[in-house]
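Structural characterization, general
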Amino acid sequence: LMQINPFREHQATFDLYVECNDLALTNPSYSSFALSGRLLQIYQSYLIGGELLQYIQDNLGDDTELRYLQELIVIKPDYNTNTLTCTIRHIDAEPCQELTLLVLEGLQLKKEKLLSSVGMHNLIVTTPAFVEQVNPDLEKKQKSNLQILATLDTKLKELQSSLESNTAPSAAYQQSAVIQAA
């Protein structure tokens, strides 16, 4: 996140909704809204957990670290409406679009697996909106991180100079003196 210019952050946003009307009609014991909520939690776990991130890392073709991908992909659930909002941030527009396409491909693969294990449901994905924006929250976070780093650097230098100024232990505490005293 420290590499992203807060005045030119590229962002893609889309929403996911799971619809299970067919399953609720064929089996009256299912509540469509409750089942949609459970499936949404499965998709959320997939998006947040390592499975999707590993899929993206495998398909990017570069040495992008998983923790970096976790910072770029943000998921916000809304259980009242059974939707997930996925936001992808990046330094440049092209990698942002590439990441978005990989997330969408990964979701489609997950849907195919769930269709065989859970049953028929629809995964509705809104068209991603790509924007370049100013992000004041990112700027504040970056400034805070830089301040923390500066404080840590100052403390480290103080500790190093303190250690360098310490002299060797006196003769009473040297190993040979301690052994002779025993």
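Coordinates for the structure precede this section.
Residues numbered from 1 in each chain as written. Predicted model: local features only at pLDDT ≥ 70, side-chain atom pairs only at ≥ 80, totals over all residues. Heavy atoms only, no water.

1. Quick look at helix H3 (residues 50–60)
Rules: Each residue is assigned to one of three classes by its accessible area relative to the maximum for its type, calculated with a 1.4 Å probe on protein chains only: buried under 20%, partly exposed between the two thresholds, exposed over 50%. Only DSSP runs of H or I covering at least 4 residues are called helices, and only runs of E covering at least 2 are called strands; the numbering of each starts at the N terminus. Each C-beta atom gives one direction from the helix axis, and the arc is the one those directions make.
Listed as buried for H3 are Leu52, Leu53, Tyr55, Ile56 and Leu60. An end-on view of H3 places all buried positions within 155° of arc, on one side of the element. Just beyond H3, the residue with positive phi is Gly61, at close to 85°.

2. Details of the nonpolar core
Just so we agree on the cut-off: Here, nonpolar core refers to any group of buried Ala, Val, Leu, Ile, Met, Phe, Trp, Tyr and Cys residues whose side-chain atoms link them within 4.5 Å. Contacts are assigned to residue pairs that have any heavy atoms within 4.5 Å of one another.
Counting residues in each nonpolar core, the largest one holds 30 residues, and the members touching the most others are Leu47, Ile56, Ile73, Ile88, Val103 and Leu107. Elements with a contribution of two residues or more to this core: strand E1 (9–19), helix H2 (32–48), H3, helix H4 (66–72), strand E2 (73–78), strand E3 (83–90) and helix H5 (93–117). Excluding anything up to four places from it in sequence, Ile88 contacts His10, Gln11, Ala12, Phe14, Leu72, Ile73, Cys96, Leu99, Thr100 and Val103.

3. A short note on the pairing of E2
As a general feature of sheets, a regular strand has side chains that alternate between the two faces. Convention followed: Note: two strands are recorded as paired if DSSP finds a minimum of 2 bridges between them.
Of the strand pairs in this sheet, E2 and E3 are connected by six bridges, and their pairing is antiparallel. Among the inter-strand pairings, Asp78 is bridged to a residue of E3, identified as Thr83. Counted along the chain from E2 to the antiparallel partner E3, the turn is four residues long, and its residue Asn82 has a positive phi close to 55°.

4. With respect to a negative patch on the surface
Note the cut-off: Residues forming no salt bridge and having over 30% relative accessible area are the ones grouped into patches, like charges within 9 Å of each other and nonpolar side chains (Val, Leu, Ile, Met, Phe, Trp, Tyr) within 5 Å. We get accessible surface area from the Shrake-Rupley algorithm with a probe of 1.4 Å; when it comes to residues, only the shown protein chains can shield them. For this document, the term salt bridge refers to a Lys or Arg side-chain nitrogen within 4 Å of an Asp or Glu carboxyl oxygen. Under this rule, positive means Lys or Arg and negative means Asp or Glu; His and the chain ends count for nothing. The atom standing in for a charge is NZ when the residue is Lys, CZ when it is Arg, CG when it is Asp and CD when it is Glu.
Residues Asp62, Asp63, Asp92, Glu94 and Glu98 make up a contiguous surface patch of negative charge. Within the secondary structure layout, Glu98 lies in helix H5. Given a relative accessible area of 38%, Glu98 falls into the partly exposed group.

5. Thoughts on H5
This is how it is decided: Here the expected length of a helix is defined as 1.5 Å per residue gap, with one fewer gap than residues.
A rise of 1.5 Å per residue sets the reference length of H5, with its 25 residues, at 36 Å; its end C-alpha atoms lie 36 Å apart and thus fit the reference within 8%. Inspection of H5 places Cys96, Leu99, Thr100, Leu102, Val103, Gly106, Leu107, Lys110, Lys111 and Leu114 among the buried residues, and these make up the whole buried set. At the exit of H5 stands Gly119, carrying a positive phi of roughly 125°.

6. A few points about unusual backbone geometry
Peptide bonds are trans in most cases, and residues, glycine excluded, mostly fall at negative phi. Positive phi outside glycine occurs at Asn82, with the angle close to 55°. Structurally, Asn82 can be placed in the loop between E2 and E3. Assessed through its relative accessible area of 2%, Asn82 is described here as buried.

7. Digging into a nonpolar patch on the surface
On the surface, a nonpolar cluster with roughly 290 Å² of combined accessible area is contributed by Ile148, Leu149 and Leu152. By the secondary structure assignment, Leu152 is in helix H6 (residues 136–165).

8. Considerations on the state of the cysteines
As a reminder of what qualifies: Pairs of cysteine sulfur atoms within 2.5 Å are what we label disulfides.
A full pass over the atoms with the stated rule returns zero disulfides. Free cysteine Cys86: the closest other cysteine sulfur is in Cys96, separated by 9.9 Å. Accessibility expressed as a relative area gives 1% for Cys86, which makes it buried. Given a relative accessible area of 1%, Cys96 falls into the buried group.

9. Comments concerning the environment of Ser36
One can find Ser36 in helix H2. Accessibility expressed as a relative area gives 2% for Ser36, which makes it buried. Residues Ser36 and Tyr17, 19 residues apart in the sequence, show an inter-C-alpha distance of 8.2 Å. With near-sequence residues (within four places) excluded, Ser36 lies in contact with Val18, Glu19, Cys20 and Asn82.

None of the figures reported here should be taken as evidence of function without further support.
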